[in-house]
Amino acid sequence: MAKYLGIAAGAGIIVYGYRRIIDAGKKLSSDQRVVIVGGGYAGARLAKELNGRGDFTLIDPKDALHHNMAALRAAIEPGFAKKTFIPYEPSFGEHFKQGKVIAIDMKKQEVSLENDPTPIPYTQLILATGTSGPFPGKCRHDKPTSQLIQLYENYTNEIKAAKKVVIVGGGAVGVEMAGEIATDYPGQKEVTIVHNSDVAVSPKLVPKAQDMITEKFKIKKINMLYNEKVTNLSDLPINKQTEGLKVKLSSGKVIDADLVIPCFGLYVNSDAYKDALGGSMNERGQLKVNENLEVVGANNVFAIGDCNDYDEVKLASVSQTQGSHVYKNLINIARSKPLEAYKPDGFRMALPIGRDGGLTQSGTKVLGDFMAKFIKAKDVFVSMTWKEMGQKPPK
Ligand SMILES: Cc1cc2nc3c(=O)[nH]c(=O)nc-3n(C[C@H](O)[C@H](O)[C@H](O)COP(=O)(O)OP(=O)(O)OC[C@H]3O[C@@H](n4cnc5c(N)ncnc54)[C@H](O)[C@@H]3O)c2cc1C
């Protein structure tokens, strides 16, 4: 037995060593200058893969990656927000450039930044500008990290003070937000989700997963109103605890509330490319890509993550996989090899409903609290994401 274990361990070490040697040889060519626009999960993954392999620049208006998979925990747990902003500089050093890309010159192959007269040239351009949306799920790109952390810290007090919370939107973000509140303040707040569809979270969730959500809502006393719309949202103070709010619904019903949280309405960040690549965008502002994730109708331009139209559920994990795929193709370009087509993984989702559980779905297989807690609910991917950036989270 010991002999076989020894052989297996030896073979493992040889394969590992071989892979390390092969991997070390993967470099950009000396004339490649890669520019990545957007340092979310997609852009940061690609930057990580390229680090030490040649000339690249990662551009983002913020000085830190917003780990927005953990944004809702930051909205509820005092002291947590600092774990959700991971500075770029320690990870990428001089390869990181703070700024907002406002134009692309496709002929000259260069990008221009707001408030910076010097354009940045590229041989390959990777657009990874993602989406924006309402706080607290997303946050602004034009504020310093210290202010963004403070916004989340202040928000924990709005939730603490509220007694009747209405969450607008029953997608993954709304359901996760409701779970966080109902779990951290059990029986202390009325939590209602207003959802404009008859399916919670995503039509990709199988009936067993939908049943689990219903069951969780019962246990945690979360009230989900399906097929309803808030009709007076523009008259209501958003994200601010305010006594005596009346939330009007499309059915004519009125709900009393003292805090309204918007959890809907993501839009694609297309400012960087809407002029240069208008003809390559779909009606949602996403860039149309081919099987290699190259932007259709453009030369030497790729799009990864939430800003492309690849037919896949938009998730951080998917964005990272696409980032890694484009890395492979940049190395293929360096070696004058043909590009490889992107092959998506199957559908996978971890949906926490509070820090003590939720559900996961992989393909059509659904698992409950234990797996949801293990995968996401417990630390909302904080350790994993800091590790991905080669850093340690603050205590
Ligand atoms: C609350 C919440 C929880 C979520 N939880 C999960 C989860 O558990 N698991 C999961 O897989 N997915 C989750 N998602 C989805 C996931 O966050 C997105 O799919 C993911 O962020 C997409 O990554 P991205 O890199 O494409 O874009 P983004 O993360 O949106 O990043 C885009 C980046 O581009 C930058 N940028 C934009 N415009 C410009 C410009 N003009 N110039 C330069 N830079 C620019 C932005 O500053 C930003 O840093 C969650 C989403 C939300 C809102």
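Not measured: the values here are computed from a predicted model.

Turning to the overall build of the protein, a few remarks are in order. For the protein, the helix and strand inventory stands at 10 helices and 21 strands. Over its C-alpha atoms the protein spans a radius of gyration of 23 Å, differing by no more than 12% from the 21 Å that the globule rule assigns to 395 residues. Each principal axis of the C-alpha atoms in the protein carries an extent, and together these give about 65 × 65 × 40 Å. Contacts spanning at least 24 positions in sequence make up 61% of the contacts within the protein whose residues lie at least 6 apart.

Okay, the UniProt feature "domain: FAD/NAD(P)-binding" (unreviewed entry) in the protein next. Mapped onto this numbering, the UniProt entry annotates "domain: FAD/NAD(P)-binding" (unreviewed entry) at residues 33–323. Within the segment residues 33–323, helix and strand shares are 25% and 25% respectively, and the terminal C-alpha atoms sit 17 Å apart.

Before going further, it helps to spend a moment on the site of the ligand. Near the ligand lie 37 residues; those nearest to it are G38, G40, G130, G305 and L315. Among the secondary structure elements, those contributing two or more residues to the shell around the ligand are α2 (41–50), β2 (55–60), α3 (71–76) and α8 (316–334). A class-by-class count of the residues in the shell around the ligand yields 15 nonpolar, 14 polar and 8 charged. For the shell around the ligand, the two domains that each supply at least three residues are domain 1 (25–61 + 99–133 + 266–334) and domain 2 (145–265 + 348–388).

Glancing now at the packing of α2 against α8. When two helices pack together, their arrangement is given by the angle between their axes and by how far apart the axes lie. Contact geometry for α2 and α8: axes closest at 7 Å, N-to-C directions at 35°. For the pair α2 and α8, the crossing hand works out as right-handed. Where α2 approaches α8, its residues Y41, A42, G43, R45, L46, E49 and L50 are matched on the opposing element by A316, S319, Q320, Q322, G323, S324, V326 and Y327. Here the contact of α2 with α8 is composed, by residue class, of 7 nonpolar, 6 polar and 2 charged.

This part is about the domain arrangement of the protein. As far as domains go, the protein holds domain 1 (25–61 + 99–133 + 266–334) and domain 2 (145–265 + 348–388). Relative placement of domain 1 and domain 2: their C-alpha centres are 31 Å apart. Each partner contributes residues to the interface: domain 1 has 6 residues there, and domain 2 has 5 residues. For the side of domain 1 that touches domain 2, a count of residues per class yields 3 nonpolar, 2 polar and 1 charged.

The strand order across the open sheet formed by 3 strands is β6-β7-β8, and the pairing between neighbours is antiparallel. Edge positions in the sheet fall to β6 (101–105) and β8 (116–121), since each of these pairs with one other strand and no more. Direction aside, the axes of adjacent strands within the sheet are offset by 25° on average. Relative to strand β7 (residues 110–113), β6 is paired through 4 bridges, and the arrangement is antiparallel. Residue pairing for β7: I104 is matched across the bridge by V111.

Let us look at the sheet that holds strand β12 (residues 190–194). Spatially, β13-β12-β11-β16 is the arrangement adopted by the 4 strands of the open sheet, whose pairing is parallel. Only two strands of the sheet have a single neighbouring strand rather than two, namely β13 (222–225) and β16 (259–262). Recorded for the sheet is a direction-independent mean angle of 20° between the axes of neighbouring strands.

Glancing now at the environment of N232. Take N232: it is sitting in the loop between β13 and β14 (245–248). By the C-beta count within 10 Å, which is 12 here, N232 ends up exposed. In the structure, N232 is positioned 15 residues away from V247 in sequence and 6.7 Å away in space, judged by C-alpha atoms.

Here we come to the nonpolar core. Core analysis: the largest hydrophobic core is formed by 104 residues, its most contacted members being I36, I126 and L127. No other element matches helix α6 (residues 172–184), which puts 7 residues into this core. When residues of this core are assigned to domains, at least three fall in each of domain 1 (25–61 + 99–133 + 266–334) and domain 2 (145–265 + 348–388). When neighbours within four sequence positions are excluded, I126 is seen to be in contact with V34, I36, L46, F302, I304 and V326.

Bringing α6 into the picture now. For α6, spanning 13 residues, the distance from its first C-alpha to its last is 18 Å, which sits close to the expected 18 Å at 1.5 Å a residue. Extensive coverage of α6 is indicated by the burial of 12 of its 13 residues. Those residues of α6 that fall on the buried side of the exposure criterion are A172, V173, G174, V175, E176, M177, A178, G179, E180, I181, A182 and T183.

Moving on to the environment of R335. Structurally, the position occupied by R335 is in the loop between α8 and β19 (348–352). Judged by the 10 C-beta atoms lying within 10 Å of it, R335 is exposed. C-alpha separation for the pair R335 and K26, spaced 309 residues apart in sequence, amounts to 9.1 Å.

On to the pairing of strand β11 (residues 164–168). Within a regular beta strand, the side chains point alternately toward one face of the sheet and then the other, so they alternate between its two faces. Of all 5 residues that make up β11, 4 are buried, and the element is covered over most of its length. Of the strand pairs in this sheet, β11 and β12 are connected by 5 bridges, and their pairing is parallel. Bridged to V165 within β12 is V191. In the classification by handedness, the crossover that spans β11, the intervening α6 and the parallel β12 is right-handed.

This brings us to helix α9 (residues 369–377). Owing to its 3.6 residues per turn, the α-helix brings residues three or four apart onto one side. Here α9 has its buried residues at A372, K376 and A377. The arc that holds the buried residues of α9, viewed along the axis, is 60°, so those residues lie on one side. If you follow the buried residues of α9, they end up packed against β19 and β20 (358–362).

Here the residue pair F135 and P136 is connected by a cis peptide bond, since its omega of 5° sits within 30 degrees of zero. For P136, the location among the structural elements is in the loop between β10 (131–132) and α5 (145–161). Within the chain, N115 stands out as a residue other than glycine whose phi angle is a positive 55°. You can call N115 exposed: it has 7 C-beta atoms within 10 Å. Even without being glycine, S336 reaches a positive phi, approximately 55°. Summarising the element assignment, S336 is placed in the loop between α8 and β19.

Criteria and cut-off values
- Residues numbered from 1 in each chain as written.
- Predicted model: local features only at pLDDT ≥ 70, side-chain atom pairs only at ≥ 80, totals over all residues.
- Helix = DSSP H or I, 4+ residues; strand = E, 2+ residues; numbered from the N terminus.
- Rg over C-alpha atoms; globule rule 2.2 N^0.38 Å.
- Contact = placed C-beta atoms within 7 Å.
- UniProt positions renumbered as here; feature names shortened; annotations may be inferred.
- Near = placed C-beta within 6 Å.
- Nonpolar A, V, L, I, M, F, W, Y, C, P; charged D, E, K, R; others polar.
- Domains from an automatic or database assignment.
- Axes fitted to C-alpha atoms, helices over the stretch in contact; angles between N-to-C directions.
- Left-handed = near helix turned anticlockwise from the far one by under 90°.
- Pairing = 2+ DSSP bridges.
- Buried ≥ 20, exposed ≤ 12 C-beta atoms within 10 Å, placed from the backbone.
- Core = buried A, V, L, I, M, F, W, Y, C linked by C-beta atoms within 7 Å.
- Expected span 1.5 Å × (residues − 1).
- Right-handed = clockwise from strand over helix to strand, strands pointing away.
- Arc of directions from axis to C-beta.

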